[in-house]
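# Close look at the chain arrangement
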Amino acid sequence: MEKIIINENQRGFLFKNGKYVKMLSAGKYYTHSGKEIEIVNTNQPIASSICELDTLLKDKAVANAVSIIEVEDQKLALHFVNGKFASVLSRGKYAFWTLTDRHDYTVVDISSPEVTDDVPEYIFSKIPTTYYTKVEVLEYQKARLYFNQKFAKILDAGTYYFWKNGVKIDVGTVDTRLTQMNITGQEILTQDKVSIRINFVCSYRVTDYVKILTEIDDFAEQMHIAAQLALREYVGKYKLDEILENKDQMSEFVFKKLKAKEKELFVEITDAGVKDIILPGEIREIMNTVLVAEKRAQANVITRREEVASTRSLLNTAKLMDENKTLYKLKELEYIERICENVGNINLNGNGDVLTQLTGILRGNT
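Because the structure is predicted, anything quoted here is derived from the model rather than measured.

Quick notes on the rules
Along every chain, residues carry numbers that run from 1 in the direction the sequence is written. Reporting in this predicted model follows two pLDDT cut-offs: at least 70 for local features of residues, and 80 or more for side-chain atom pairs to be given and counted; totals over whole chains, interfaces and linings ignore these cut-offs and use all residues. With hydrogens and water excluded, all non-hydrogen atoms of the structure serve as input to the side-chain values. The helix count covers DSSP runs of H or I at least four residues long, the strand count covers runs of E at least two residues long, and both are numbered beginning at the N terminus. Only heavy atoms enter the contact rule, under which two residues are in contact if any of them lie within 4.5 Å. The method behind every accessible area is Shrake-Rupley, applied with a 1.4 Å probe, and residues are considered shielded solely by the protein chains displayed. Grouping buried Ala, Val, Leu, Ile, Met, Phe, Trp, Tyr and Cys residues that are joined through side-chain atoms within 4.5 Å yields what is termed a nonpolar core. For the exposure calls, accessible area comes from a 1.4 Å probe over protein chains only, and a residue counts as buried if that area is under 20% of its type's maximum, exposed if over 50%, partly exposed in between. Salt bridges are counted wherever a side-chain nitrogen of Lys or Arg sits within 4 Å of a carboxyl oxygen of Asp or Glu. For Phe, Tyr and Trp, where Trp contributes only its six-membered ring, two rings pair if their centres lie within 6.5 Å, and the inter-plane angle classes them as stacked under 30 degrees, edge-to-face over 60, or tilted in between. Here the rule is simple: two strands pair whenever DSSP picks up at least two bridges between them. Axis definition: a line fitted to C-alpha atoms, over the contacting stretch in the case of helices. Angles run 0 to 180 degrees between N-to-C directions. Expected helix span is computed as 1.5 Å times (number of residues minus one). What the arc measures is the spread of directions leading from the helix axis to the C-beta atoms. Note on terminology: angles under 35 degrees are roughly parallel, angles over 145 are roughly antiparallel, angles of 65 to 115 are roughly perpendicular, and the others are oblique. By convention, the crossing between two helices is left-handed when the near helix turns anticlockwise from the far helix through less than a right angle, and right-handed when the turn is clockwise.

## Remarks on the overall build of the protein
- Across its full length, the protein carries 10 helices and 18 strands.
- Restricting the contact set of the protein to residue pairs at least 6 apart, pairs at least 24 apart contribute 60%.
- Just so you have it, the protein exposes about 23600 Å², and 48% of that area is on carbon and sulfur atoms.

## Here we look at the nonpolar core
- Counting 35 residues, the largest nonpolar core has Ile-196, Phe-200, Met-223, Met-250 and Leu-258 as its most contacted members.
- Elements with a contribution of two residues or more to this core: strand E16 (179–189), strand E17 (195–206), helix H4 (219–235), helix H5 (240–245), helix H6 (247–259) and strand E18 (267–278).
- When residues of this core are assigned to their parent elements, the largest contribution, 8 residues, is made by H4.
- Leaving out residues up to four positions away in the same chain, Phe-200 has contacts with Met-181, Asn-182, Ile-183, Leu-231, Ser-251, Val-254, Leu-258, Ala-272, Gly-273, Val-274 and Lys-275.
- One finds Val-40, Cys-51, Leu-53 and Val-62 within the second-largest nonpolar core, a separate group that totals 15 residues.

## Overview of the pattern of salt bridges
- Counted by the stated rule, this structure contains 15 salt bridges.
- A salt bridge links Glu-72 to Lys-75, with the shortest nitrogen-to-oxygen separation between them at 3.7 Å.
- Look at Lys-75 and you get partly exposed, because its relative accessible area is 24%.
- Here the salt bridges do not stand alone but share partners, grouping Glu-233, Lys-237 and Lys-257 into one network.

## Thoughts on the packing of aromatic side chains
- Following the criterion strictly, the structure yields 14 aromatic pairs and no others.
- Geometrically, the ring pair formed by Phe-13 and Trp-97 is stacked, given 6.4 Å between the ring centres and 20 degrees between the ring planes. Remark: Trp-97 occurs in strand E9 (residues 92–97) and Phe-13 occurs in strand E2 (residues 10–16); sequence separation between them is 84 residues. The exposure classification of Phe-13 matches that of Trp-97, with both residues buried.
- Geometrically, the ring pair formed by Phe-147 and Phe-162 is edge-to-face, given 6.1 Å between the ring centres and 75 degrees between the ring planes. Here Phe-147, found in strand E12 (residues 141–147), pairs with Phe-162, found in strand E14 (residues 158–163); they are 15 residues apart in sequence, far enough to count as distant.
- With relative accessibility at 16%, the residue Phe-147 sits in the buried group.
- Phe-162 gets classed as buried once you look at its relative accessible area, which sits at 3%.
- An aromatic cluster of three or more residues is present, and its members are Phe-13, Phe-15, Tyr-20 and Trp-97.

## A look at the sheet that holds strand E13 (residues 150–155)
- What the 3 strands build is an open sheet, ordered E13-E12-E15; its pairing is antiparallel. Of all the strands in the sheet, the pair left with one neighbour each is E13 and strand E15 (169–175). The average undirected angle you get between the axes of adjacent strands in this sheet is 25 degrees.
- For E12 and E15, the ladder comprises 7 bridges, and the chain directions are antiparallel. In the sheet register, Tyr-146 faces E15, and the bridge partner there is Asp-170.

## Brief notes about unusual backbone geometry
- Not every positive phi belongs to a glycine, and Gln-74 is a case in point at roughly 60 degrees.
- When you line up the elements, Gln-74 lands in the loop between strand E6 (66–71) and strand E7 (75–81).
- One non-glycine residue, Asp-218, lies in positive phi territory at about 55 degrees.

## Some points on H4
- Look at H4: 24 Å from first C-alpha to last across 17 residues, which is about the 24 Å you get at 1.5 Å a residue.
- Buried within H4 we find Phe-219, Met-223, Ala-226, Ala-227, Ala-230, Leu-231, Tyr-234 and Val-235. Take H4 and look down its axis: the buried residues cluster within an arc of 155 degrees, on one side only.

## Re the sheet that holds E7
- Pairing is antiparallel across the open sheet formed by 3 strands, whose spatial order is E8-E7-E10. Each end of this open sheet is capped by a strand with a single partner; those strands are strand E8 (84–89) and strand E10 (103–109). Strand-to-strand twist across the sheet, computed as the mean angle between neighbouring axes with direction ignored, equals 25 degrees.
- Looking at chain direction, E7 and E8 are connected through 5 bridges and run antiparallel. From the neighbouring strand, Phe-80 faces E8, where its bridge partner is Phe-85.

## A look at the packing of H4 against H6
- One way to put it is that H4 packs onto H6 with a least axis distance of 9 Å and a crossing angle of 135 degrees. The angle between the axes of H4 and H6 places the two elements in the oblique class. Pair H4 / H6 crosses with right-handed handedness. Across the interface between the two elements, Met-223, Ala-226, Ala-227, Ala-230, Leu-231, Glu-233, Tyr-234 and Val-235 of H4 pack against Gln-249, Met-250, Phe-253, Val-254, Lys-257 and Leu-258 of H6.

Right under this line is the structure:
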């Protein structure tokens with residue numbers, strides 16, 4: 001004989017010779033003559049290691065003390081205990097004790113991957129990821145959603161959840177921001193057979209997020225090639241000097257060529273322009289020599305112009321002084337003043353006035 005104690009938060013299932021007899025409440029019991037008591041906790045789903053759940057539920061005492069939920073194929077049940085989410089239940093039959101708790105269920109159809117609005121988003125932070133797929137689309141993105149490799153719809157910025165029900169889910173994101181494409185190091189021959197390298201840049205944004213993937217192969221590469229061909233077409237028509245003088249004209253030409261391809265590339269070209277024109281080393285040296293020579297010639301012209309102006313000014317001054325004796329005296333006094341500022345001592349005798357003696361000294365008459 002064995003003594004068995006069943007606590008208040010427990011129940012017992014009595015078996016005799018392996019056959020279910022009845023449910024036992026809290027208390028003290030003794031087993032003998034082939035009897036066996038299986039103890040279970042009331043805060044756990046009802047289960048027995050000796051018999052099936054349906055066998056236990058045939059007992060009215062058990063059936064009246066539990067809440068039963070049966071989950072079908074392609075369904076999930078969200079289990080709430082006393083109004084709080086407790087667990088997610090997949091296909092099967094479940095029974096929960098109602099001795100102290102209230103059990104509620106929300107049955108969810110997962111035959112479609114899309115989550116319906118009646119499923120609160122916070123649930124997904126509480127259930128295993130084996131039940132769902134999470135997709136995050138950033139503010140500057142659009143996302144293409146595919147079910148079993150078939151396009152379903154475009155997703156805007158946000159967080160999305162999809163049920164894992166055997167349907168393959170794929171998501172491809174597209175950047176909606178203005179994007180810059182750099183086309184660097186394009187070596188092209190000019191009309192006069194000079195090889196130059198051009199760095200070009202253009203800005204664009206995607207306009208059709210689906211067709212840009214389904215109707216063309218690698219739109220960025222096709223844009224790159226279109227810009228290359230436009231550059232070669234323009235450069236091949238002009239000589240080097242003309243290209244260097246009309247850099248903006250080349251940018252405008254290529255921009256128009258790219259704009260003409262917007263619809264077939266499913267993009268909007270907003271801007272395009274030549275960034276750099278790189279010349280071969282020997283051409284750069286020649287152009288630098290020419291530039292230095294031009295600057296020297298300009299400097300010589302300016303110098304000669306200033307010399308002529310200075311001479312003309314002196315000539316005009318001399319004519320005025322020759323015609324006006326008073327002006328001549330004033331000019332003479334002006335120069336005497338400037339000279340005296342740099343003279344330490346001047347000795348004068350008593351013959352004549354000071355101004356006459358100074359003038360005589362400066363003229364060399366002692």
